[in-house]
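Examination of the molecular architecture
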Amino acid sequence: MRQRLSSEPDRYRGRRRVPTPPRSRYAAVVTTAFVGAGGVALLAGALPDAKSVSPTVLDELKAASALSDDAAERANAADRASRGGERDHTQAESEVWLLPVQGYEFNSPYGVRWGEMHNGVDLVAPEGTPYVSIHDGTVIEAGWFGGYGYAVIVRHADGSEAIYGHSSAVSVQKGQQVEAGDQLGLVGNTGHSYGSHLHLEVHVKGEPLDPVPWLMERGVDIKLQVETFYSEVTTS
């Protein structure tokens, strides 16, 4: 390496290295605006002179912070609405009442028949047709039940009971929890029966009631074979 002679002019004498200019404050401000309000606070502390920041940039910061807060509030509102919808859905499910069987012929209504009281309704359907629980509840009887033949009795939360009689077979056990639409058994012709059908009774406080108006109050038209619950779901 050649040594510089003392007689050579020092090209660097009197000069100093100019430091690398800092990044644009505006670029930092814009970056912070995307980060959110928390970044704004950090940036404010990092700036050496807040008065040197353009008023336009400060306005942009405030707008970005407001947008961030608004987005958070909208997200929280959506979450609250979702939780409310879940509660409404759960409550709606607990109020579901359904037809006990599909594709039947309504026969022998509630009332006096052949000189004796007929405490339910008969729904004529082919033997072996599945039938389901009209509502959530607990199975309190499942098996042979005297003149009802093979039968299932379900007690609902409101204390009412539904009796499903003349089954060819039962699909549940005593003590079992069921929901509306769960299969209970198969239509049959057992017990004091004159043909294949499902005998349905409703008891409230131990007394039989006409199932037709009682179920109508709960959105089920057993004569027209209409379930209001499913009709509302289809039209919504």
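Our subject is the structure that appears above.
Analysis parameters
Residues numbered from 1 in each chain as written. Predicted model: local features only at pLDDT ≥ 70, side-chain atom pairs only at ≥ 80, totals over all residues. Heavy atoms only, no water. Helix = DSSP H or I, 4+ residues; strand = E, 2+ residues; numbered from the N terminus. Core = buried A, V, L, I, M, F, W, Y, C linked by side-chain atoms within 4.5 Å. Buried < 20%, exposed > 50% of the residue type's maximum accessible area, 1.4 Å probe, protein only. Contact = heavy atoms within 4.5 Å. Pairing = 2+ DSSP bridges.

Take the environment of Gln 176 next. Within the fold, Gln 176 resides in the loop between strand E8 (161-170) and strand E9 (177-178). Along the primary structure Gln 176 and Val 139 are separated by 37 residues, whereas in three dimensions their C-alpha atoms are 5.3 Å apart.

Quick look at the nonpolar core now. Residues Tyr 131, Val 152, Tyr 164, Leu 184, Leu 215 and Ile 222 are the most contacted members of the largest nonpolar core, which totals 26 residues. Counting only elements with at least two residues in this core, the list comes to strand E4 (120-124), strand E7 (150-155), E8, strand E10 (183-187), strand E11 (197-204) and helix H4 (211-216). Residue contacts for Leu 184: discarding those within four places in its chain leaves Tyr 131, Val 132, Ser 133, Val 152, Val 154, Tyr 164, Val 170, Ser 171, Val 172 and Val 178.

Of all ten residues making up E8, seven are buried, and the element is well covered by its neighbours. Across five bridges, the pairing between E7 and E8 is antiparallel. Of the residues in E8, the one forming a bridge with Ile 153 is Ile 163. Once E7 ends, the chain turns through five residues before running back antiparallel as E8, passing Gly 159 with a positive phi of about 95°. By the bridge criterion, five bridges tie E8 to E11 in an arrangement that is antiparallel. Within E11, the position partnered with Ile 163 by the bridge is Glu 201. Alignment of E8 against E10, held across three bridges, turns out to be antiparallel. Counted as the bridge partner of Ala 169 is Leu 186 from E10.

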